[in-house]
Amino acid sequence: MTGTARVKRGMAEMLKGGVIMDVVTPEQAKIAEDAGAVAVMALERVPADIRAQGGVARMSDPDMIDGIIDAVSIPVMAKARIGHFAEAQVLQSLGVDYVDESEVLTPADEAHHIDKWAYTVPFVCGATNLGEALRRIAEGAAMIRSKGEAGTGNVVEATRHMRQIRADLRRLTVLDEEELYAAAKELRAPVELVREVASLGKLPVVLFTAGGIATPADAAMMMQLGAEGVFVGSGIFKSGDPARRAEAIVKATTFHDDADVVAKVSRGLGEAIVGINLSDLPEERRYASRGW
Amino acid sequence: MSIAQPVVGVLALQGDVREHLLALAEQDVVARPVRRAEELAEVHGLVLPGGESTTMSRLLETFELLEPLRDRVAAGLPVYGSCAGMILLAQEVLDGREGQHTLGAIDMVVRRNAFGRQVDSFEADLDFAGLGSGGDAEPAPLRAVFIRAPWVESVGDRVEVLARVPEIPAAGPAAGRVVAVRQGNALATAFHPELLAADGRDGRVHELFVRTVREA
């Protein structure tokens, strides 16, 4: 049997403790693999460039995705627009290992996300809080990541999402049966799923962080806030020495609770991505509010 | 000599460490993550988890665990590897990354991602030798979860084959492939028993490994 929930969720379990890196060329994919990435995200433009250039951001060219699949032996992920089920069908037919239904691309549907149960390929989706995470899981997402604010090199939003999800989870664990019904209503999520999460004390799928991670210390902070792994987008290939920074972030993710290691790998990395302050980013240009 | 409550480590550089720790905790052992040479020195057995074998290989090298681990394995430390862990235990890897390290604990050649990409990942029931509790009854089949899994391409004389992909038409070119092996104190599966064991569904493979640890 292929495409079972156990196989899809299990794939994400194998990525835990690892770093997934955005790449736009086969050469970058090789650098990521050599640095110890557990997977790469194949993109035409990294989020920082999508922001800078504007326009509609779509699924990548299949030739470009094929080139990256051929270049590396680690899993390859790719992004589809929110609600764009035909892009997701194409990505599945290309043989990508995970589809990211991503707010970084321009949404294709303002009311509906993709019915992710209908696919053999697993999906990862972004969430800013527990309710959003559970709605995505109810639609079939096999992995959740924070939304952060991609392409900014600023972790403040990812921090907010990780803290929010963690606080929401903790709160559920102390509710009694009657209160869980009210909580489900409040979270706008199915009560069965809410009950499952309340008894587990964690999501039933793997939780990664994403959005604005630029340094080894950023990765270490996110892991200590409860992330089970890290997506790094523009932070690596928009920095001065991508190979070195990529490897440093991999090491800091594994030894996230050992400040001596994080200190050691943080030395001599060259320039980080310049970054954007969120106060300089008008509401309509923020990605975290995309998705419903 | 039998150890009453052995310490069993799980290599915790990357992968599904938590699931193996939970599965081991069910077997009345002290289960601990291992990331440093000092931690490795304290264990009576070690699990190499599922994950990305190229990442683990890289981190073993940079955090100077590769040589200490090779030494302990050569000295007979009981080890069990699932999926990426199986690749690490092999003598030789096909379709690996250039310079990928292995421990050579089992005389076998494994092919990485042999079943295909994630869309080809699957679960199936297998007959697995040695899971019985010693009675006459045939042991129940084992539910095996294969995720971008390797298979064993060939084995040496001293390797015992414990499980193969069933010879059914649905298995296609994978039919009959070797997916679980043992040599001395080293055990390896191409699939992930820990995903079911962590849920308390079927802990027999971890039970088998812990038996080896206790008897070593």
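Residues numbered from 1 in each chain as written. Chains lettered and ligands numbered in written order. Predicted model: local features only at pLDDT ≥ 70, side-chain atom pairs only at ≥ 80, totals over all residues. Heavy atoms only, no water.

1. A short note on helix 2 (residues 26-35) of chain A
Every buried residue of helix 2 of chain A is accounted for by Gln-28, Ala-29, Ala-32, Glu-33 and Ala-35 of chain A. One side of helix 2 of chain A carries all its buried residues, which in axial view fall inside an arc of 165°. The secondary structure elements touched by the buried residues of helix 2 of chain A are strand 1 (19-23), strand 2 (39-42), helix 4 (62-71), helix 11 (234-237) and helix 12 (242-254) of chain A together with helix 3 (53-62) of chain B. Where helix 2 of chain A ends, the next residue or the one after it, Gly-36 of chain A, has phi of about 105°, a positive value. (Buried < 20%, exposed > 50% of the residue type's maximum accessible area, 1.4 Å probe, protein only. Helix = DSSP H or I, 4+ residues; strand = E, 2+ residues; numbered from the N terminus. Arc of directions from axis to C-beta. Contact = heavy atoms within 4.5 Å.)

2. Quick look at the UniProt feature "active site" (unreviewed entry) in chain B
Mapped onto the present numbering, the UniProt feature "active site" (unreviewed entry) falls on Cys-83, His-192 and Glu-194 of chain B. A compact arrangement is adopted by the annotated residues: their sequence extent is 112 residues, whereas the largest C-alpha distance between any two is 10.8 Å. Relative to the helices and strands, Cys-83 of chain B resides in the loop between strand 4 (79-82) and helix 5 (84-89). With relative accessibility at 5%, the residue Cys-83 of chain B sits in the buried group. Within the secondary structure layout, His-192 of chain B lies in the loop between strand 12 (186-189) and helix 6 (193-197). Judged by relative accessible area, which is 0%, His-192 of chain B ranks as buried. With residues near it in sequence (within four places) discarded, His-192 of chain B still touches Met-14 of chain A together with Asp-16, Gly-50, Ser-82, Cys-83, Val-145 and Ile-147 of chain B. (UniProt positions renumbered as here; feature names shortened; annotations may be inferred.)

3. Some details on the UniProt feature "binding site: L-glutamine" (unreviewed entry) in chain B
UniProt records the feature "binding site: L-glutamine" (unreviewed entry) at Gly-51, Glu-52, Ser-53, Arg-112, Ile-147 and Arg-148 of chain B, using the numbering of this structure. These annotated residues cover 98 residues of sequence, but their C-alpha atoms sit close together, with the largest distance between any two at 12.7 Å. Structurally, Glu-52 of chain B can be placed in the loop between strand 3 (45-48) and helix 3. When neighbours within four sequence positions are excluded, Glu-52 of chain B is seen to be in contact with Met-14, Ala-37, Val-38, Ile-74 and Pro-75 of chain A together with Gln-14, Ala-84 and Arg-112 of chain B. Ser-53 of chain B gets classed as buried once you look at its relative accessible area, which sits at 1%. Not counting residues within four places of it along the chain, the set of residues in contact with Ser-53 of chain B comprises Ala-84, Ile-87, Gln-100 and Arg-112 of chain B.

4. A short note on the sheet that holds strand 3 (residues 76-81) of chain A
All names here are of chain A. Spatially, eight strands are ordered 7-6-5-4-3-2-1-8 in an open sheet, and the strand pairing comes out parallel. Of all the strands in the sheet, just strand 7 (206-208) and strand 8 (230-232) have a single pairing partner and so form its edges. On average, each strand axis in the sheet is tilted by 30° relative to the strand beside it, whichever way the strands run. Packing against the sheet, helix 2 makes contact with strand 1 and strand 2, and its axis sits at approximately 165° to strand 1. (Pairing = 2+ DSSP bridges. Axes fitted to C-alpha atoms, helices over the stretch in contact; angles between N-to-C directions.)

5. Looking at a negative patch on the surface
Residues and elements named next belong to chain A. Where like charges cluster on the molecular surface, the negative patch consists of Glu-44, Asp-61, Asp-63, Asp-66 and Asp-70. With respect to the element layout, Asp-63 can be found in helix 4. Residue class for Asp-63 comes out exposed when judged on its relative accessible area of 60%. (Patch = residues over 30% accessible without salt bridge, like charges linked within 9 Å, V, L, I, M, F, W, Y side chains within 5 Å. Areas by Shrake-Rupley, 256 points an atom, 1.4 Å probe, with all protein chains shown as cover. Salt bridge = Lys/Arg side-chain N within 4 Å of Asp/Glu carboxyl O. Lys, Arg positive; Asp, Glu negative; His and termini not counted. Charge placed at Lys NZ, Arg CZ, Asp CG, Glu CD.)

6. A look at the pairing of strand 4 (residues 98-102) of chain A
All names here are of chain A. Most of strand 4 is tucked away, with five of its five residues classed as buried. With burial as the criterion, each face of strand 4 is covered, one bearing Tyr-98, Asp-100 and Ser-102 and the other bearing Val-99 and Glu-101. Relative to strand 4, strand 3 runs parallel, the two sharing five bridges. Looking at the pairing, Met-77 lines up with Tyr-98 of strand 4. Regarding the hand of the β-α-β motif, the stretch spanning strand 3, helix 5 (residues 85-94) and strand 4 is right-handed. Note: strand 4 against strand 5 (residues 123-127), three bridges, orientation parallel. Within the sheet, the bridge partner assigned to Asp-100 lies in strand 5 and is Val-124. (Right-handed = clockwise from strand over helix to strand, strands pointing away.)

7. Brief notes about the UniProt feature "binding site: D-ribose 5-phosphate" (unreviewed entry) in chain A
Residues and elements named next belong to chain A. Within the UniProt annotation, "binding site: D-ribose 5-phosphate" (unreviewed entry) is assigned to Asp-22, Gly-151, Gly-212, Gly-233 and Ser-234. The greatest C-alpha distance among the annotated residues, which extend across 213 residues, is 12.1 Å, indicating that they converge on a single site. Classification of Asp-22 by relative accessible area gives buried; the value is 5%. Not counting the four nearest positions on each side in its chain, Asp-22 is found in contact with Gln-28, Met-41, Leu-43, Val-46, Pro-47, Val-232, Gly-233, Ser-234 and Phe-237. Assignment of secondary structure puts Ser-234 in helix 11.

8. What about the interface of chain A and chain B?
Note: interface size is frequently given as the accessible area lost on complex formation between the parts. Of the residues lining the interface, 42 residues belong to chain A; the matching set on chain B comes to 38 residues. Summed over both sides, the interface of chain A with chain B buries roughly 3200 Å², with 55% coming from carbon and sulfur. When the buried area of chain A at its contact with chain B is split by residue, Arg-6, Met-14 and Phe-255 of chain A rank highest and sum to 23% of it. For the pair chain A and chain B, the number of links is eight salt bridges. Among the ionic pairs, Glu-247 of chain A bridges to Arg-58 of chain B, the shortest N-O distance being 3.0 Å. Here chain A and chain B share 25 residue pairs in polar contact (both at pLDDT 80 or more) between them. Elements with a contribution of two residues or more to the side of chain A that touches chain B: helix 1 (5-13), helix 2 and helix 12 of chain A. The residue inventory of the side of chain A that touches chain B, partitioned by class, reads 18 nonpolar, 12 polar and 12 charged. (Buried area = accessible area lost by both parts, 1.4 Å probe. Polar contact = N/O pair within 3.5 Å; in protein donor to acceptor, adjacent residues only side chain to side chain. Nonpolar A, V, L, I, M, F, W, Y, C, P; charged D, E, K, R; others polar.)

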